[in-house]
Amino acid sequence: MRKYIRAHQDLAYLEDPERRVHIVFTCLERYDEKKKTVCPGLPGQLGLECGAFMDILVRLSKVRDEDEDGQPVVRRHLLTDEYEDEDGVKYLAKNRGGRLGVQLWDPTMARIIGVWRE
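Please read these numbers as outputs of a predicted model, since none were measured by experiment. (Residues numbered from 1 in each chain as written. Predicted model: local features only at pLDDT ≥ 70, side-chain atom pairs only at ≥ 80, totals over all residues. Heavy atoms only, no water.)

Enquirer: Which residues make up the sheet that holds strand E1 (residues 29–32), and what values do they have?
Expert: Strand order in this open sheet of four strands is E1-E2-E7-E6, and the pairing throughout is mixed. Taken across any chain shown, the strands that pair with only one partner, and hence form the sheet edges, are E1 and strand E6 (83–84). Here E6 runs beside strand E7 (residues 90–91); their pairing, made up of two bridges, is antiparallel. The partner of Glu84 across the bridge, within E7, is Lys90. (Pairing = 2+ DSSP bridges. Helix = DSSP H or I, 4+ residues; strand = E, 2+ residues; numbered from the N terminus.)

Enquirer: Let's hear about the pairing of strand E2 (residues 37–40): which residues, and what values?
Expert: Bridge count between E1 and E2: four bridges; the pairing is antiparallel. By the bridge assignment for E2, Arg30 is matched with Cys39. Counting the residues between successive antiparallel strands, the hairpin from E1 to E2 contains four residues, one of them, Lys36, with a positive phi of roughly 50 degrees. Strand direction decides the pairing type here: E2 and E7, joined by two bridges, are parallel. In the strand pairing of E7, Val38 is matched with Tyr91.

Enquirer: Account for the sheet that holds strand E9 (residues 103–105), naming residues and giving values.
Expert: Strand order in the open sheet formed by three strands is E4-E5-E9, and the pairing between neighbours is antiparallel. Of all the strands in the sheet, the pair left with one neighbour each is strand E4 (59–66) and E9. Shown here is a sheet whose adjacent strand axes are inclined to one another by a mean of 30 degrees, direction ignored. Inspection of the sheet shows strand E5 (residues 72–79) paired to E9 by three bridges, in the antiparallel sense. (Axes fitted to C-alpha atoms, helices over the stretch in contact; angles between N-to-C directions.)

Enquirer: Which residues make up the side chain of Thr80, and what values do they have?
Expert: Counting through the fold element by element, Thr80 comes out in the loop between E5 and E6. On the accessibility criterion, Thr80 (1% relative accessible area) is buried. At 2.6 Å, the side chain of Thr80 and the backbone oxygen of Val102 are in polar contact. (Buried < 20%, exposed > 50% of the residue type's maximum accessible area, 1.4 Å probe, protein only. Polar contact = N/O pair within 3.5 Å; in protein donor to acceptor, adjacent residues only side chain to side chain.)

Enquirer: Give a description of the packing of aromatic side chains that names residues and reports values.
Expert: All chains considered together, the criterion is met by two aromatic pairs. Between Tyr83 and Tyr91 the ring centres are 4.9 Å apart and the planes differ by 5 degrees, which places this aromatic pair in the stacked class. For Tyr83, a relative accessible area of 34% puts it in the partly exposed group. Taking relative accessible area as the criterion, Tyr91 reaches 13% and is therefore assigned buried. (Phe/Tyr/Trp six-rings, centres within 6.5 Å; stacked < 30°, edge-to-face > 60°.)

Enquirer: Lay out the environment of Leu104 with the relevant residues and their values.
Expert: Here Leu104 shows up in strand E9. Along the primary structure Leu104 and Gly70 are separated by 34 residues, whereas in three dimensions their C-alpha atoms are 23 Å apart. Leu104 has contacts with Arg76, His77, Leu78, Arg111 and Ile112, leaving out every residue within four places of it along the chain. (Contact = heavy atoms within 4.5 Å.)

Without other data, these values stay purely geometric and don't point to any function.
Structural data, given as structure tokens:
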């Protein structure tokens, strides 16, 4: 898996803009009890190490909220920066270059790539 990820990491940086490819890997997350860390659910230590191979490592979650009329809505939230909760659990995230900001509400792939290209 490590070789597979590394083989794709530079495709977005090809010299010819017409040949550039943005690769998106998705996976579930897992909790590493020893390190009190939530990371991608990849085999072995790769979940803790994979951020080194990526430009962006984010965590997508759903947040229950209310709209202006008081009606319940579910919004998607993209965490783009590492944080630690009140229980001391660290959530891995990374945003190389800071292009996405600290968080992004209601993200789509078009928005993410659009912000990344700016």
